[in-house]
Every structure is written in structure tokens, then in C-alpha cells.
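# Architecture at a glance
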Amino acid sequence: MARHSVTLIPGDGIGVETSAAMQQVVAASGAQIDWEVAEAGAACMDIHGTPLPDSTIEAVKRNKVAIKGPITTPVGTGFRSVNVALRKTLDLYVCLRPVISLPGAGGRYDDVDLVIVRENSEDLYAGIEFEEGSEGARRLIEFVDESGAGAIRPDSGISIKPISVTGTRRIVEYAFEYALKHGREKVTAVHKANIMKHSDGLFLRVAREVAEEYAGRVAFEDKIVDAFCMSLVMDPSQFDVVVFPNLYGDIASDLAAGLVGGLGIAPGANIGKDYAVFEAVHGSAPDIAGKDIANPTAEILSAAMMLDHLGELEAAARIRAAVARVYAEGRCLTGDIRRATGLGGEPARCSEFTAELVRVLEEM
Ligand code: NAI
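In this numbering scheme, every chain counts its residues from 1 along its sequence in written order. With the structure being a predicted model, the display of local features is reserved for residues of pLDDT at least 70 and the display and counting of side-chain atom pairs for 80 or more, all residues being used for whole-chain, interface and lining totals. In computing side-chain values, all of the structure's heavy atoms are included and hydrogens and water are not.

What follows covers the overall build of the protein. Secondary structure counts use DSSP, requiring at least four H or I residues in a row for a helix and at least two E residues in a row for a strand, with both numbered from the N terminus. If you tally the helices and strands in the protein, you get 13 helices and 12 strands. Computed over the C-alpha atoms, the radius of gyration of the protein is 21 Å, within 12% of the 21 Å expected from 2.2 N^0.38 for a compact globule of 364 residues. Expressed along its principal axes, the backbone C-alpha trace of the protein runs to roughly 70 × 55 × 45 Å. Exposure categories follow from relative accessible area, calculated using a 1.4 Å probe and restricted to protein chains: below 20% of the type maximum is buried, above 50% is exposed, and the middle band is partly exposed. Of all 364 residues assigned to the protein, the portion counted as buried reaches 51%. Once local pairs closer than 6 in sequence are excluded, the contacts in the protein between residues at least 24 apart make up 75%. Summed over all atoms, the accessible surface of the protein reaches about 16300 Å², with 53% contributed by carbon and sulfur. Counted as positive: Lys and Arg. Counted as negative: Asp and Glu. His and the chain ends are not counted at all. By convention, the charge on Lys lies at NZ, on Arg at CZ, on Asp at CG and on Glu at CD. The average position of the 36 basic charges and that of the 52 acidic charges among the side chains of the protein differ by 2 Å. Radius of gyration here is computed from C-alpha atoms only, and the compact-globule reference equals 2.2 Å multiplied by the residue count raised to the power 0.38. Residue contacts are defined here by distance: any two heavy atoms, one from each residue, within 4.5 Å place the two residues in contact. Calculation of accessible area relied on Shrake-Rupley with a 1.4 Å probe; when residues are assessed, cover is drawn exclusively from the protein chains displayed.

Examined against the element boundaries, Glu212 turns out to sit in helix H7 (residues 200-213). When the C-alpha positions of Glu212 and Leu343 are compared, they lie 48 Å apart, and in sequence the two are 131 residues distant.

With that settled, the discussion passes to the sheet that holds strand E4 (residues 94-100). Paired strands are those between which DSSP finds at least two bridges. What the 10 strands build is an open sheet, ordered E2-E1-E3-E12-E11-E4-E5-E10-E8-E9; its pairing is mixed. Of all strands in the sheet, those with a lone pairing partner are strand E2 (32-37) and strand E9 (219-224), marking the two edges. Adjacent strand axes in the sheet meet at a mean angle of 25 degrees when their direction is disregarded. Relative to E9, strand E8 (residues 186-191) is paired through 6 bridges, and the arrangement is parallel. Opposite Ala189, over in E9, you have Asp222 as the bridge partner. Think of each axis as a best-fit line through the C-alpha atoms, taken over the contacting stretch in the case of a helix, with angles from 0 to 180 degrees between the N-to-C directions. Along the sheet, helix H1 (residues 15-29) makes contact with strand E1 (3-9), E2 and strand E3 (65-68), crossing E2 at roughly 155 degrees. This element, H7, spans E8, E9 and strand E10 (241-244) of the sheet and lies at about 165 degrees to E8.

Time to look at the layout of surface pockets. The probe, sized like a water molecule, is rolled over the atoms to show the empty space still left. Approximately 790 Å³ is the volume attributed to the second largest pocket. Method remark: on a 1 Å grid restricted to protein atoms, a set of points is classed as a cavity if a 1.4 Å probe fits but cannot get out and as a pocket if it is open with protein on both sides within 12 Å along at least five of seven lines; lining residues have an atom within 4 Å of a point. Lining the second largest pocket are 29 residues; nearest its centre among them are Pro98, Tyr178, Met305, Asp308 and Arg320. Elements with a minimum of two residues in the lining of the second largest pocket: E4, helix H6 (165-181), strand E11 (269-271), helix H10 (297-309) and helix H11 (313-329). Grid points are joined across faces, edges and corners, and a volume is the space filled by probe spheres set on the points.

In the structure shown here, the tally under the stated rule is 1 cavity of 30 Å³ or more. Reported here for the largest cavity is a volume of approximately 30 Å³. Lining the largest cavity are Val84, Arg87, Lys88, Asn120, Ser121, Tyr125, Ala126 and Asn246. A per-element tally of the lining of the largest cavity places helix H4 (residues 82-89) first, with 3 residues. Note on residue classes: Ala, Val, Leu, Ile, Met, Phe, Trp, Tyr, Cys and Pro are nonpolar, Asp, Glu, Lys and Arg are charged, and everything else, Gly too, is polar. By residue class, the composition of the lining of the largest cavity is 3 nonpolar, 3 polar and 2 charged.

Moving on, we come to the site of the ligand. We call a residue near a molecule or strand whenever a single non-hydrogen atom of that residue lies within 4 Å of it. Close to the ligand lie 21 residues, the nearest being Ile71, Thr73, Asn83, Gly283 and Ala285. Separating an oxygen atom of the ligand from a backbone N or O atom of Ile71 is a distance of 2.7 Å. Within the side chain of Asn83, an N or O atom sits 2.9 Å from an oxygen atom of the ligand. In the complex, 69% of the free accessible area of the ligand, which totals 810 Å², lies under the protein chains. For the shell around the ligand, the residue count by class is 9 nonpolar, 8 polar and 4 charged. We define a polar contact as two N or O atoms separated by no more than 3.5 Å, with the added condition that, inside protein, one atom must be a possible hydrogen donor and the other a possible acceptor, whereas residues neighbouring each other in sequence contribute only through side-chain atom pairs.

Residues spaced three or four apart along an α-helix point in a common direction, a consequence of the helix completing one turn every 3.6 residues. Those residues of H4 that sit buried are Val82, Asn83, Val84, Leu86 and Arg87. Against the buried residues of H4 lie E1, helix H3 (54-63), E3, strand E5 (113-119) and E11. A distance of 3.2 Å separates the backbone nitrogen of Asn83 from a side-chain oxygen at the start of H4, and that oxygen is part of Ser81. Phi turns positive one or two residues past the end of H4, at Asp91, with a value near 50 degrees.

See below:
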């Protein structure tokens, strides 16, 4: 079996615990990984004065593949999102999040099998913002007023929502190529084109153009984001591959995770042409950090996606099979899943759940 060098960024909060659990499970899967640990996040900021040192970016570039824990982003003030910076610097334009029912995880449905493809580089999430009262905000307000496009109150803060033809084309193409490669039948594009005609409207127009190129091979439909949310909650089985502009994709990811058992089991990946960074959907969960009660499944399933990416399909399949077995048996599950399933009994600690997974992997 080939050896692989992977950059590991444990991150903040529960990331420290879930990353350690993930490493144990990957080792038990038989995959040969050399971990190069790199720092980023709020704890790193306190020590090094930056939340994302150049050495961490260099480590990801060197190994081309990384897995990271969540990173705390201060709300409203403080440093800007490290996640956004990492995605921008490495041009990780795809955020890929499979949402699949896991029997025993307490999901609302047992037939969810969809893939979220979220644009990762633009939209309101691009971080182009003007603080209330700043010179930039003042000039922008003046420009909008003079252009006749509308009026913005002078005491407004402003966030810009750019959506480009280039950015849309490459994410929609990725969604269609993903569908073809994984035998999926339909791509749904989600937007609010009826209201935001020049950003979401552009997204829809380009999505339709790309869909034409795949006609007869992959089906296509579009949904307005509010109607999509209702349809997703009422019947998630109708969706297959779903492609979103950045912000709707972010929100829909948590919504979809909630349908299958919660953030504790939702994996993901940020993928670009040259680099890939795997990470769970959830954040640093400061409310439960350091207590050994976080559910590491999401990061472990993110590692399975990483192993697929590295060509270690067998090790990835073993991890997924072991996770499925531990959940189906239901004896050793963390508190979030016990709550989701309504099961009583003592919840397993993060370390106990991990030990059980390792035991199952060694037995398989
Ligand atoms: P969160 O995902 O950290 O937590 C939301 C709720 O889910 C909390 O009650 C938490 O205890 C629970 N939860 C999350 N993951 C869990 C797990 N593995 N096991 C059991 N319970 C789990 O979202 P929140 O509270 O909005 O954000 C906290 C911090 O994380 C913020 O600073 C935010 O910016 C950051 N964040 C970072 C992300 C990343 O690095 N990719 C993604 C999302 C948020």
C-alpha cells in the first residue's frame, strides 16, 4: 500500500479531540498516512499573532492534501475567517458535502442520498464588505444613489454579492462531472433569480447553458431557494446532486445535515484544481470543547472522503462500513446521536466511541 503525506490542521475547540480520533481510525483502516501537523485558528492567533501562518499554507501546498478541524471565527469583530482565506488562497472553489442517511443516527428520513456542491469562492461569502460609516461605504452609497439603482441608508454596513460567469460555469460543470462519474442522474441548481436578477439570475442562466451540454446524460432542474428548503424537508429523496451559490449552500448544508442526524455526522471537502482540504461541516463547538463528548464521526467520514481522493478506496470503504456497524448496533454512540434518536442510556465519550470504531476495524 502506498504511503501518503497529508497536512493535518487540528484547528480550534472540538477539532483537537475529533482530529485525534480521526487519526486513530485512519491508522486502524490500514491506510499509510504520514501526518504533517500545521497550526491555524484562534489558539494559533494567541501564540503566533496570526490565525493562518504562511507555514501552514506552505504545508498544504507541499502535500496537496490536507484535513482540518474547525476554526473559530469571531462574530462581527476580530480576524476574518481563516476558512475563507484558505479557500481563496488555494482556490478551493468546490465545497462538496455528501448527505447520506446513516441508519441508527436518528435522522428524520432513512432514504436521504444527495450531494451538496457549494460554490466556495464568491457570493456574499467573498468577504468584500464596507463597515458602517467608513469612507468606502460612504462612496458606495453615493455611487448607488447617483446611478439611480436605488437608495441605501447612510448608516448602512454593506456586503457585496459578486457572482461571475467564470465562477458559476466551473462549479456547475463540476456538479455535472461529479454526477457522471458517480452514476447520479440529476443536478438541481438552487437560486433566488426572481429577486436578484444580476447575481442569482446570472447563476441560473449559466447553469442552464452548462446543463444543455449534458442533455441526455444528466437531467437538470432549478429551484428557488425558499421552495427548495421546503421540498428538502418534506421529501429529500427527490434530490440527487444539488449545486448552490456559496451562501445558500452553506445554510442548506446544515439543514440537510439536520435531516440525517445532525452536524456530528456530516462530512465535507474543499476541492480545487491543485489542492484538496477535507473537513467536517460543523464548527468548533465551544459549548462542548475539551469535554471528550464531541462526536468525531463527521471528521472520520471526511477522512474517508480524503482516502477516496488519495485512491485508497478500500481503506475508505472499511471506515464507512465500520461506522455503519457501530451506528446500527447502537451500543456506543455519543450524546448528540442519543438525543437525535431519543435513545436513553449513558452516552459514549468521544474516546470510547473512537475505541469502539478501532475495535470493529481491527475485527473486520
Ligand atoms: P458549531 O457547528 O460549532 O455548533 C453548533 C451546535 O452543534 C453546538 O451546539 C455544538 O455543540 C453542536 N455540534 C457541532 N459539532 C458537533 C459534534 N461533532 N459533536 C457533537 N455536537 C456538535 O456552530 P457554531 O456554534 O455556530 O460555531 C462555533 C464556531 O465555529 C464559530 O466560531 C464559527 O465561526 C466556527 N465554525 C467553523 C467552521 C469551520 O471551521 N469549517 C464551520 C462552522 C462554524
